Amino acid sequence: MKPGTIVFRGQTKKGREIVVRYPLGSDVSALRNYINTLSREKTFIRFQGEQVSLADERKYLNSYLKKMKKSEAVKLMVFCQNKLVAVSNINLKDKISGHVGVFGVTVTKSFRNEGIGKLLMKLVFKEAKKIKKLKIITLEIFANNPVALRLYRKRFGFKEYGRLPQGIKHRGKFVDDIFLYKKV
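Structural notes, computed from the coordinates. All values derive from a computational prediction rather than experimental measurement. (Residues numbered from 1 in each chain as written. Predicted model: local features only at pLDDT ≥ 70, side-chain atom pairs only at ≥ 80, totals over all residues. Heavy atoms only, no water.)

Our focus in this paragraph is the overall build of the protein chain. Looking only at helices and strands, the protein chain features four helices and eight strands. Of the regular secondary structure in the protein chain, the N- to C-terminal order runs β-β-α-α-β-β-β-α-β-α-β-β. Reported as C-alpha extents along the three principal axes, the dimensions of the protein chain are approximately 40 × 35 × 35 Å. Long-range pairs, those at least 24 residues apart, make up 57% of the contacts in the protein chain with a sequence separation of at least 6. Taken as a whole, the protein chain presents about 10500 Å² of accessible surface, with 52% of it coming from carbon and sulfur. (Helix = DSSP H or I, 4+ residues; strand = E, 2+ residues; numbered from the N terminus. Contact = heavy atoms within 4.5 Å. Areas by Shrake-Rupley, 256 points an atom, 1.4 Å probe, with all protein chains shown as cover.)

Before going further, it helps to spend a moment on unusual backbone geometry. With a phi close to 55 degrees, Ser-71 is a non-glycine residue in the positive phi region. Structurally, the position occupied by Ser-71 is in the loop between α2 (54-69) and β3 (73-80). The backbone of Arg-171 shows a phi angle near 55 degrees, a positive value even though the residue is not glycine. Residue Arg-171 is classed as exposed on the basis of its relative accessible area of 54%. (Buried < 20%, exposed > 50% of the residue type's maximum accessible area, 1.4 Å probe, protein only.)

Our focus in this paragraph is the pattern of salt bridges. This model, assessed by the stated rule, comprises nine salt bridges. Here Arg-163 ties to Glu-160 by a salt bridge, and the two come within 3.2 Å at their closest N and O atoms. Residue classification places Arg-163 among the partly exposed positions, given a relative accessible area of 39%. Ionic contacts of the salt-bridge type, sharing partners, join the residues Arg-153, Glu-160, Arg-163 and Asp-176 into one network. (Salt bridge = Lys/Arg side-chain N within 4 Å of Asp/Glu carboxyl O.)

Quick look at the packing of aromatic side chains now. For the structure on display, the rule yields ten aromatic pairs. For the pair Phe-103 and Phe-125, a centre-to-centre distance of 5.1 Å together with 40 degrees between the ring planes defines the contact as tilted. With a gap of 22 residues between them, Phe-103 in strand β5 (residues 100-107) and Phe-125 in helix α3 (residues 116-128) connect regions that are remote in the sequence. On the accessibility criterion, Phe-125 (11% relative accessible area) is buried. (Phe/Tyr/Trp six-rings, centres within 6.5 Å; stacked < 30°, edge-to-face > 60°.)

If you want it as structure tokens, here you go:
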């Protein structure tokens, strides 16, 4: 899990050249611009319009790089023509839940439906095998995102273990927060 290590070079379904690699400290601006763009879109992520400062993103990235060095996290980034277009990660919880990793994946709007999300999930799960403590992977999903829910369940074997009714406010409406898991 060395920073900057390339784990994949290839093409999307539309033939666009991509590179998947671990982050570097110098990726802070790209990551900040990426999350702020997704936040403005108000897609299916925790950020719903809020903007992250460069200082906050630097703190977040440095924390993640330290966790990766200790084999407590994995983060992969997808670039197309040096532009960040997708990110996925698994981050171990701590203490009594130190064997549980929280998963996330995002893809920018102009690169969705090109197979990047599925590819990135396969790669991040493969890389996560290097995290010796990892036994269970969890994720949360918006109930109004049936495409992703179907993908997680059918393609990757995640199972529902709970649901918080109206646990998410998305675009002004309350929707259920669905909790999924899979054993490694």
